[in-house]
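Each chain, written out:
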Amino acid sequence: MRRSAALLTIPLLAAAAESPAPAVAKPPAAEESYVVTTPRPGAFPLVAGGSAAPIVVSGADRPGVVRVVGDLRDDIARVTGVAPSVSLDEVPTGSAPVLVGTIGESPLIDDLVERGKLDVRGIAGKWETSLQQVVEHPLPGVRRALVIAGSDQRGTIYGAYDVSRKIGVSPWYWWDDVPARQADALYVLPGRHTQGTPAVKYRGFFINDENPALDRWAPTRFGQGLAPGHPGGFNSKFYARVFETVLRLKANYLWPAVWGRAFAEDDPANHATATAYGVIMGTSHEAPMMRGIEEWNRHAVPAVRDPDGDIVTPGHDPYGGTGEWSFRRNRDAITAYWNDGVERMKEQGFEGVVTLGMRGNGDVSLPDGDGIELMREILATERQILADHGMSGVPQVWTLYKEVQRYWDKGLRAPDDVTVVFTDDNWGNMRKLPDPTLPERAGGYGMYYHFDYVGGGRNYKWVDTINIPNTWEQLDTAYSYGVDKLWVVNVGDLKNEELPRAGGREVAELPDPAEDRLRRRRPVRAERAVAAARAEQRGAAGRGLPRRATDRGP
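Residues numbered from 1 in each chain as written. Predicted model: local features only at pLDDT ≥ 70, side-chain atom pairs only at ≥ 80, totals over all residues. Heavy atoms only, no water.

K.L.:
Help me understand the packing of aromatic side chains in this model?
P.N.:
One pair of aromatic rings is described through two measures. These are the centre distance and the angle between the planes. Tallying each qualifying case throughout the model produces 28 aromatic pairs. Pairing Trp-217 with Phe-222 gives two aromatic rings, centres 5.6 Å apart and planes at 85°, and the pair type is edge-to-face. Taken together, Trp-174, Trp-175, Trp-217, Phe-222, Phe-234, Phe-238, Tyr-239, Phe-243, Phe-263 and Tyr-277 form an aromatic cluster joined through their ring pairs. Just above the ring of Trp-127 sits the side chain of Lys-201; from NZ or CZ to the centre is 4.6 Å. The ring of Phe-222 carries Arg-221 above its face, with NZ or CZ at 5.3 Å from the centroid. (Phe/Tyr/Trp six-rings, centres within 6.5 Å; stacked < 30°, edge-to-face > 60°. Lys NZ or Arg CZ within 6 Å of the ring centre and 35° of its normal.)

In structure tokens form, the structure reads like this:
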């Protein structure tokens, strides 16, 4: 099961795997770019002479693709001061346009493929794979065009954002005020350019431990949450910014904030906004069946029991139960609660990965004990709910966090199509990896990892204390053991973990030995995380950070 991870891109964790098709060029080295600022033979003028190539997208394409062309337009304007026009379906006459679209979704792109103008071998049918290509005489009356095509919605989105990054717009341009690299002209080199297929299918992060930073800032900046009595919730305006950053980092998956927050209730448009951007939603390891735990806590009052288990103070919940987050004592209500989560997912039609299993309320162990038979009943109940709604094919995960790993160690196995997610020890060291002698699972394996932690030992949050060499070694090892279905990282309140989250992409994709790779790429990661003007300073300061961070660990 061990594999080479030479092209693995770490944190969000978009590892580009080289396509085997000979028609597709290798992804360029990190120092190279298919976008230049001076004319070259055969290069396509994205911006030249004070004019920008118009951008055209089909209105029949996926919502996230139609939306992202607006970001590409704005990014070109950030770099050059010239904003290209954007049009739906209609190619401006006499123009050399940028055509953006998804194979099988965009009539513009499909027409090029059918007429032999665009070679999509090595791209079509892949997962989240993009192509940038200069095409000669693509349409009647059009001499040439730059085509940005994707194998699916996110493949196209990543293709557009890769152009943004190549022209000089950081994924952190908004969150960290990173200035765009300025240029008077931009040219795309001829040839076929691809960033490859991600080696990890679901790649994302977990906004957690967000108080008091985001707790105070987000409602002030974006407005209060819309759930009555819970003004501190995060609304769709906030999450729109998060989703954009997720996609610019070539991630695709999010566990939303949970401290006193309920994603689905805080703004009814939150799930719809994820769909509009093309982001896959999940819930944390403690929140099964697409329902955050605060959706229960806001509406339930648990019964109080004496030492013998008898109720001395009645509780209540919306399902006629005792209000207890206990499958043993409040099974019918918990089951109905989970059923509503799956029903909502089906009705709203958003893309998601469903968390299975159950932990205690407040990210603790179950109050019912850790008997294998009880967990087997929980998993079976959740699976039956999915089957009842015709949702058995939805991706599902069971995360072996803290005490949950004991079930696995004692022999309990989730159904074969469920992704089993191994975890670190909260301090960046993987607790367990798959046994390479076991048969492969259809659902594969995933990883939950921490760049932020609040809990026993010592809290670390707000300040980046991550040991990058250790992170590289742990994630590289996990991947080599076949942990490639889902990676999610706890990143705290989103800010201050830019270096391990965004910079780790450079750690493992270059062919140098790991130590040289880390030393050489640290200034580049710092530049992308903060500002180009401070890159050299941060690179020098960061060389001793891993040791100092490790000294402070438990």
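K.L.:
So what exactly am I meant to see when it comes to the pairing of strand 19 (residues 396–399) here?
P.N.:
Note on strand geometry: in a regular strand, side chains alternate between the two faces of the sheet. Because side chains alternate across strand 19, one face comprises the buried residues Gln-396 and Trp-398, and the other comprises Val-397 and Thr-399, equally buried. When strand 18 (residues 354–355) meets strand 19, the two strands line up parallel, connected through 2 bridges. The residue of strand 19 that forms the bridge with Thr-355 is Val-397. With helix 10 (residues 372–388) bridging strand 18 and the parallel strand 19, this β-α-β connection has right-handed handedness. In the sheet, strand 19 pairs with strand 20 (residues 419–423) via 3 bridges, with the strands oriented parallel. Each residue of the ladder has a partner; that of Trp-398, found in strand 20, is Val-420. (Buried < 20%, exposed > 50% of the residue type's maximum accessible area, 1.4 Å probe, protein only. Helix = DSSP H or I, 4+ residues; strand = E, 2+ residues; numbered from the N terminus. Pairing = 2+ DSSP bridges. Right-handed = clockwise from strand over helix to strand, strands pointing away.)

K.L.:
Looking at this model, I keep getting lost on the sheet that holds strand 4 (residues 51–52). Mind explaining?
P.N.:
Strand pairing in a sheet takes place through backbone hydrogen bonds and is either antiparallel or parallel in direction. Ordered by their spatial adjacency, 4 strands build an open sheet running 2-10-3-4, and the pairing between neighbours is antiparallel. Of all strands in the sheet, those with a lone pairing partner are strand 2 (35–36) and strand 4, marking the two edges. Pairing of strand 3 (residues 44–48) with strand 4, which is carried by 2 bridges, proceeds in the antiparallel orientation. Bridge assignment links Ala-48 to a residue of strand 4, and that residue is Ser-51.

K.L.:
Even after reading the chapter, I still don't get the confidence of the model for the protein, so can you show me in this structure?
P.N.:
When pLDDT is low, close inspection of the predicted coordinates is not appropriate. Mean pLDDT over the protein works out to 85, with 82% of the residues at or above the 70 mark. Overall, residues 1–30 carries pLDDT values under 50, and its contacts beyond four positions in sequence, including any with other chains, amount to 103 contacts. Contacts for the low-pLDDT stretch residues 503–537, under 50 throughout, to residues beyond four places or in other chains number 81 contacts. (pLDDT = per-residue confidence, 0-100. Contact = heavy atoms within 4.5 Å.)

K.L.:
What is the right way to read helix 10 from this model?
P.N.:
In an α-helix there are 3.6 residues to a turn, and that puts residues three or four apart on one side. Between the first and last C-alpha of helix 10 there are 24 Å, a value that for 17 residues agrees with the 24 Å anticipated at 1.5 Å per step. Among the residues of helix 10, those classed as buried are Leu-374, Met-375, Ile-378, Leu-379, Thr-381, Glu-382, Ile-385 and Leu-386. All buried residues of helix 10 project into a common sector of 155° when viewed along the axis, lining one side. Along helix 10, exposed side chains directed more than 90 degrees from the buried face belong to Glu-373 and Asp-388. Here the buried face of helix 10 lies against helix 9 (331–348), strand 18, strand 19 and helix 11 (405–409). Two residues or fewer past helix 10, Gly-390 is found with a positive phi of approximately 65°. (Expected span 1.5 Å × (residues − 1). Arc of directions from axis to C-beta.)

K.L.:
Teacher, can you tell me more about the sheet that holds strand 7 (residues 98–102) here?
P.N.:
The sheet built from 6 strands is open, its strands ordered 6-5-7-9-8-11 with mixed pairing. In the strand order of this sheet, the two ends are held by strand 6 (86–88) and strand 11 (192–193), each with one partner. The sheet contact formed by strand 5 (residues 55–57) and strand 6 spans 3 bridges and is parallel. Paired with Val-57 across the two strands is Leu-88, which belongs to strand 6. This element, helix 1 (residues 63–80), spans strand 5, strand 6, strand 7 and strand 9 (142–150) of the sheet and lies at about 175° to strand 5. (Axes fitted to C-alpha atoms, helices over the stretch in contact; angles between N-to-C directions.)

K.L.:
What is the right way to read the pairing of strand 21 (residues 445–450) from this model?
P.N.:
In terms of burial, strand 21 is largely enclosed, as 6 of its 6 residues are buried. A two-sided burial pattern is seen for strand 21, the buried positions comprising Tyr-445, Met-447 and Tyr-449 on one face and Gly-446, Tyr-448 and His-450 on the other. In this structure, strand 20 lies alongside strand 21, joined through 4 bridges in parallel fashion. Its bridge partner being in strand 21, Val-420 is matched across the sheet by Tyr-445. Inspection of the sheet shows strand 21 paired to strand 22 (residues 486–490) by 5 bridges, in the parallel sense. In the strand pairing of strand 22, Met-447 is matched with Trp-487.

K.L.:
What is the right way to read the packing of helix 4 (residues 213–222) against helix 5 (residues 236–248) from this model?
P.N.:
Two numbers describe a pair of packed helices, the interaxial angle and the distance between the axes. Where helix 4 contacts helix 5, the axes come no closer than 9 Å and their chain directions differ by 105°. It follows that helix 4 is roughly perpendicular to helix 5 by the angle criterion. Contacts between helix 4 and helix 5 involve Leu-214, Trp-217, Ala-218 and Phe-222 on the former and, on the latter, Lys-237, Phe-238 and Arg-241. Of the residues contributing to the contact of helix 4 with helix 5, the split by class is 5 nonpolar, no polar and 2 charged. (Parallel < 35°, antiparallel > 145°, perpendicular 65-115°, else oblique. Nonpolar A, V, L, I, M, F, W, Y, C, P; charged D, E, K, R; others polar.)

K.L.:
Explain the environment of Ser-392 here, please?
P.N.:
Tracing the chain through its elements places Ser-392 in the loop between helix 10 and strand 19. Residues Ser-392 and Asp-417, spaced 25 residues apart in sequence, show a C-alpha to C-alpha distance of 9.6 Å. Among residues more than four places away in sequence, those in contact with Ser-392 are Leu-386, Ala-387 and Asp-417.

K.L.:
Where do I start with helix 3 (residues 153–167) in this structure?
P.N.:
Here helix 3 is 15 residues long and its end C-alpha atoms lie 22 Å apart, about the 21 Å a rise of 1.5 Å per residue gives. Across the 15 residues of helix 3, 15 count as buried, placing the element largely inside the fold. Downstream of helix 3 by one or two residues, Gly-168 has phi in the positive range, about 120°.

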